[in-house]
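# A look at the structure
The chain contents come next:
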Amino acid sequence: MPSRTLHLLPPEAAHRLAIWGLGHGLVGRQPADAWPRLATCLCGLSLPNPLGLAAGFDKNAEALPGLAKLGFGWIEIGTVLPRPQAGNPKPRIFRLRQDRALINRLGFNSQGLERVRARLAGRKPSWGVIGANIGANRDSTDPVQDYVSGLRGVYPLVDYVTINVSSPNTPGLRELQHGGRLEALLAALMETRAGLGPDGPKPILLKIAPDLEQDQERAMAETAMAAGIDGLIVGNTTLARPDLRGRHRDQAGGLSGPPLMAISTAQLARLHRLTQGKLPLVGVGGIASGADAYAKVRAGASALQLYTGFIYQGPGVVRRVLGELDALLARDRHASIAATVGSDA
Ligand SMILES: Cc1cc2nc3c(=O)[nH]c(=O)nc-3n(C[C@H](O)[C@H](O)[C@H](O)COP(=O)(O)O)c2cc1C
């Protein structure tokens, strides 16, 4: 269904309908490998192109049969929680049409690990690279244990796992990004991983908030590298409210889409410097065009994700962003994504 038609419905109803259609594979196929120059690698995973679907669109792994046809280079499902959770009262997603942005305060609605595992068990090779993003239940008394259970649960079924400590809509969650709490969380996860997987360690990525202070950002990067995290996803939605026009701009929640582009790309560039290009970074936040994607790669992103651009532009956003990105690489005589990463630094 065209995204224009879906936008006649309230956001969450539109989302449910899209998930239903995609789950039944009711979409045309767009190739993921139409641009040989864009084939790349992230943490040892071969991607037909760098553009992934960000977490939060398919929280429960219901839509993979359709999503896998849209030409994304990789797909991240989740956030998945150990136990089912309803999330916040509705309405909890708001369109800021003039800004082509969203504000959401879903608060981790999840069908829980067991149902997601059952769906991932039916995974087909043609779905390509799939990762799972994991989190903690709101009423958890031991959040670290929630992440450990999540890692154990999804690990055999996916290609990589993302640790989400950056959703703004679960009280206290973002505290796990700091100091001893982050160290303890990552140590527990690394120890758990060491006891899993006979076929070599699968990558674990950490997804961070754009709202960290710069000294927190530096400490987080040092802790993540010392722990042996494989990469950072930079980043989640923001609590900031840069110049917005949409009438819902004062709603509580995380902001995504173009108003996040400059904020998240500046953070990406800082982290590329802090990690001296040694830690793979995923650029996400506000990508709506090939120029946006190109800016993130030049700032230090080895791969990319988007969500809100997909809501406003529909499935055509994938071909558009990748076609434009390919043309920009050709114009500037970059032979590959890898050869372009961090070229602004
Ligand atoms: C409605 C909505 C739900 C989201 N849910 C999640 C989530 O469950 N886990 C997560 O890590 N990020 C979640 N995100 C954040 C996105 O993955 C992404 O980091 C953010 O939207 C910035 O990218 P964008 O500007 O391309 O949308 C969500 C975003 C939106 C708009």
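Details of the structure are given in the entry above.
My aim in this report is to walk through the structure given alongside it, one point at a time. (Residues numbered from 1 in each chain as written. Predicted model: local features only at pLDDT ≥ 70, side-chain atom pairs only at ≥ 80, totals over all residues. Heavy atoms only, no water.)

## Quick look at the sheet that holds strand β6 (residues 101-104)
In plain terms, the rule: By the convention used here, strands pair only if DSSP detects at least 2 bridges between them. For helices the rule is a DSSP run of H or I covering at least 4 residues; for strands it is a run of E covering at least 2, with both sets numbered from the N terminus onward. Fitting a line to C-alpha atoms yields each axis, with helices limited to the stretch in contact; the angle taken between N-to-C directions then spans 0 to 180 degrees.
One open sheet holds the three strands; their spatial order is β5-β6-β11, and the pairing between them is antiparallel. The open sheet has two edge strands, β5 (93-96) and β11 (254-256), and neither has a second partner. Shown here is a sheet whose adjacent strand axes are inclined to one another by a mean of 20 degrees, direction ignored. Pairing analysis gives four bridges linking β5 to β6, with the strands arranged antiparallel. Note on β6: the bridge partner recorded for R95 is L102.

## Side note on helix α2 (residues 11-23)
For the record, the criterion: One less than the number of residues in a helix, times 1.5 Å, gives the span that helix is expected to have. Each residue is placed in one exposure class: buried if its accessible area under a 1.4 Å probe, protein chains only, is under 20% of its type's maximum, exposed if it is over 50%, and partly exposed if it falls in between. Should any heavy atoms of two residues lie within 4.5 Å, those residues are counted as being in contact.
Given a rise of 1.5 Å per residue, 13 residues ought to cover 18 Å, and the 18 Å separating the end C-alpha atoms of α2 matches this to within 8%. All buried positions along α2 are accounted for by E12, A14, A18, I19, G21 and L22. Buried residues in α2 make contact with α1 (3-6), α3 (64-67) and β5.

## Some thoughts on the state of the cysteines
How we decide: Disulfides are defined as pairs of cysteine sulfur atoms found within 2.5 Å of each other.
This model, assessed by the stated rule, comprises zero disulfides. With no disulfide of its own, C41 lies 9.1 Å from the sulfur of C43, the closest cysteine sulfur. A relative accessible area of 44% places C41 in the partly exposed class.

## Comments concerning the pattern of salt bridges
Inclusion rule: Think of a salt bridge as a Lys or Arg side-chain nitrogen and an Asp or Glu carboxyl oxygen that are within 4 Å of each other.
If you walk through the whole model with that rule in mind, you get 11 salt bridges. For the salt bridge of E12 with R92, the shortest nitrogen-to-oxygen distance reads 2.8 Å. Of the two residues, E12 sits in helix α2 while R92 sits in the loop between β4 (74-80) and β5, which places them 80 residues apart along the sequence. In this pair, the class of E12 matches that of R92, namely buried. Residues R83 and D139 are paired through a salt bridge, measuring 3.0 Å at the closest nitrogen-oxygen approach.

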